[in-house]
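Geometric and topological summary
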Amino acid sequence: METFDINVTDAISNGIDLETLKPEADKALETVLNATGAGNDFLGWVNLPQATIDSDLIEEITSVANVLRAECEAVVCIGIGGSYLGAKAVIEALKNQFVATKPEILFAGQNIGEDYLSELMDYLADKRFGIVVISKSGTTTEPAIAFRLLRAMLEQKVGREEAAKLTVAITDAKRGALRSLATDEGYATFVIDDNVGGRFSVLSPVGLLPIAIAGFNIRALLQGAADMQAICSKPGNPAQLYAMTRNALYRSGKKTEILVNYNPKLHFFGEWWKQLYGESEGKDHKGIFPAAVDNSTDLHSMGQWIQDGERTIFETVISVDQTARSLVIPSDDENLDGLNFIAGQHVDHVNKMAEIGTRLAHIDGGVPNLRIAISEINEYNLGQLIYFFEMSCGISGYMLGVNPFNQPGVEDYKRNMFALLAKPGYEAETEAIRARLAK
């Protein structure tokens, strides 16, 4: 197992006693592992890494991925929320930031942007592309619009029969619009298990297929997650420590958690983390607000607020010990920029000093800091991080007193949107909301 370390010393130095929360955290861990709490019908993710890593499913995912890799210049992954964020987080962390993967992985269905979709279709006009569409129902508005447009474009481009060979559906096992269409058209399919919610699905075909198409090692990703699963099956594990610490800070008045990285490759990992915790904990007028920053970039935008703003925040820093590349700062005879004092140093050494200096400044400014360290950014370590945060999210949600595995508030905007669009079956709601807007 590669390096994974969590340090909460600087987060609890203000007198918070974690020992008082240990019985509560032990009970929450047991509730997750034994599936005895609210939302226990959505705990299929708990054993997913160890159950999947050596299964025939991995061979099937790899086989389908290889077909699309061989046939396509680009593959569009259509989905929203957990149906795209996990895969995007892993792919963006592993890829060269200035070179597209082969095939190029593009995303659609995560917004209702007319310009976005039009520009995407223009970009695909002269490319051979495939589609991976991810939806349990097939009727979620954002991905359904994108799929309707791109499916029509692909069928017009290569014909209906060939388009079917270049389309993969990840959907419900038996029911739903997308399952019916996939059966009728003969798409290759993978199943989203009923007991795996979207934001916990990155280690299922939802995330694994796009990651494999991008050319990355899904077995190593699962191995990291499986090893973390083994660690997290026992009391006193790192995920439990993280859950205890953040709940202790929340109860002391720290209402916002900022996930901090010092490596730009982790930007979308922060986006995935925000959905995981925001959708899991933000219920019953409770919950830590999840935010994320990319440092040192955001020190020149959010740094002032974090240092001197309202003291209702704490930070969790993901620290990466080693970079994949080596770059040394050269000396300059004129030294007009005054940087000769760091000439001969690696760029990452300067970055590490910025990280340490910032953490010390924020701690001195009253911002508790947790630090999670990994040895390097690779598939194995990302698998560890994913499972660590998923397990901690379940424990933390139960400690908070909410169901971490539902999302009732997500439906509110949909009802209003459907009423405004006069969707059949929403006639009463349409009349009511139009009357409200007319006032």
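Just so it is clear, the model here is predicted, and its values are computed rather than measured.

1. Focus: the sheet that holds strand 4 (residues 129-134)
Ordered in space as 3-2-4-5-6, the five strands form an open sheet in which the pairing is parallel. Where the open sheet ends on each side, the last strands, each with one partner, are strand 3 (104-108) and strand 6 (188-191). Along the sheet, successive strands turn relative to each other by an average axial angle of 20°, direction set aside. In the sheet, strand 5 (residues 167-171) pairs with strand 6 via four bridges, with the strands oriented parallel. Counterpart to Ile170 in the pairing with strand 6 is Phe190. Helix 5 (residues 114-124) rests against strand 2 (74-78), strand 3 and strand 4 of the sheet, and its axis sits at about 150° to strand 3.

2. Some thoughts on the sheet that holds strand 8 (residues 289-294)
Here five strands make up an open sheet; going across it, the order is 1-10-9-7-8 and the pairing mixed. The sheet is open, and its two borders are formed by strand 1 (4-7) and strand 8, each paired with just one other strand. For this sheet, the mean angle separating the axes of adjacent strands, direction not counted, is 20°. Relative to strand 9 (residues 313-320), strand 7 (residues 256-261) is paired through six bridges, and the arrangement is parallel. Pairing of Glu257 across the sheet is with Phe314, part of strand 9. This element, helix 12 (residues 267-281), spans strand 7, strand 8 and strand 9 of the sheet and lies at about 175° to strand 8.

3. Some thoughts on the packing of aromatic side chains
The full count for this structure, using the stated rule, is 17 aromatic pairs. On the basis of an interplanar angle of 45° and a centroid distance of 6.1 Å, the ring pair of Trp45 and Phe405 is categorised as tilted. With Trp45 in the loop between helix 1 (22-34) and helix 2 (48-52) and Phe405 in the loop between helix 15 (379-400) and helix 16 (410-420), the pair connects residues that are 360 residues apart, well separated along the chain. Here Trp45 and Phe405 have matching classes, each one buried. Members of the aromatic cluster, connected to one another through ring pairs, are Phe4, Tyr242, Phe269, Trp272, Trp273, Tyr277, Phe388 and Phe389. Stacked on the ring of Phe268, the Lys or Arg Lys88 has its end atom at 4.5 Å from the ring centre. Between Lys127 and the ring centre of Tyr123, over which it is positioned, the NZ or CZ distance is 3.9 Å.

4. Some remarks on the packing of helix 3 (residues 56-71) against helix 9 (residues 205-213)
Between helix 3 and helix 9, the shortest axis-to-axis distance is 8 Å and the interhelical angle comes to 45°. By the criterion of interaxial angle, the relationship of helix 3 to helix 9 is oblique. Note on packing geometry: the crossing formed by helix 3 with helix 9 is right-handed. Counting all contacts with helix 3, which are made through Leu57, Ile58, Ile61, Val64, Ala65, Leu68 and Arg69, the residues of helix 9 involved are Pro205, Leu208, Leu209, Ala212 and Ile213.

5. What to know about the nonpolar core
Ranked by internal contacts, the top residues of the largest apolar core, which has 117 residues, are Val132, Leu209, Phe269, Trp272, Phe389 and Met391. Here the element with the most residues in this core is helix 15; it accounts for 12 residues. If we skip the residues at most four places from it in the chain, Val132 touches Leu68, Val75, Val76, Cys77, Ile78, Val168, Ile170, Leu209 and Ile213. Membership of the second largest hydrophobic core comes to nine residues, among which are Tyr262, Val293, Ile306 and Val317.

6. Observations concerning the pattern of salt bridges
Charged atoms that come close allow side chains of opposite charge to pair. According to the stated counting rule, one finds 20 salt bridges in the structure shown. Lys88 serves as the salt-bridge partner of Glu92, at 3.6 Å between the closest nitrogen and oxygen. One end of the pair, Glu92, and the other, Lys88, are both in helix 4 (residues 85-94), four residues apart, so they sit about a helical turn from each other. Here Lys88 falls in the buried class, since its relative accessible area comes to 16%. Two residues, Asp412 and Arg415, come together in a salt bridge whose shortest N-O distance is 2.2 Å. With a gap of three residues between them, Asp412 and Arg415 both fall in helix 16, about one helical turn apart. Looking at Arg415, the relative accessible area reads 41%, which means it is partly exposed. In this structure, a network of salt bridges that share partners links the residues Arg151, Glu155, Arg160 and Glu185.

About the cut-offs
- Residues numbered from 1 in each chain as written.
- Predicted model: local features only at pLDDT ≥ 70, side-chain atom pairs only at ≥ 80, totals over all residues.
- Heavy atoms only, no water.
- Pairing = 2+ DSSP bridges.
- Helix = DSSP H or I, 4+ residues; strand = E, 2+ residues; numbered from the N terminus.
- Axes fitted to C-alpha atoms, helices over the stretch in contact; angles between N-to-C directions.
- Contact = heavy atoms within 4.5 Å.
- Phe/Tyr/Trp six-rings, centres within 6.5 Å; stacked < 30°, edge-to-face > 60°.
- Buried < 20%, exposed > 50% of the residue type's maximum accessible area, 1.4 Å probe, protein only.
- Lys NZ or Arg CZ within 6 Å of the ring centre and 35° of its normal.
- Parallel < 35°, antiparallel > 145°, perpendicular 65-115°, else oblique.
- Left-handed = near helix turned anticlockwise from the far one by under 90°.
- Core = buried A, V, L, I, M, F, W, Y, C linked by side-chain atoms within 4.5 Å.
- Salt bridge = Lys/Arg side-chain N within 4 Å of Asp/Glu carboxyl O.

That's the geometry; what it means functionally is another story.
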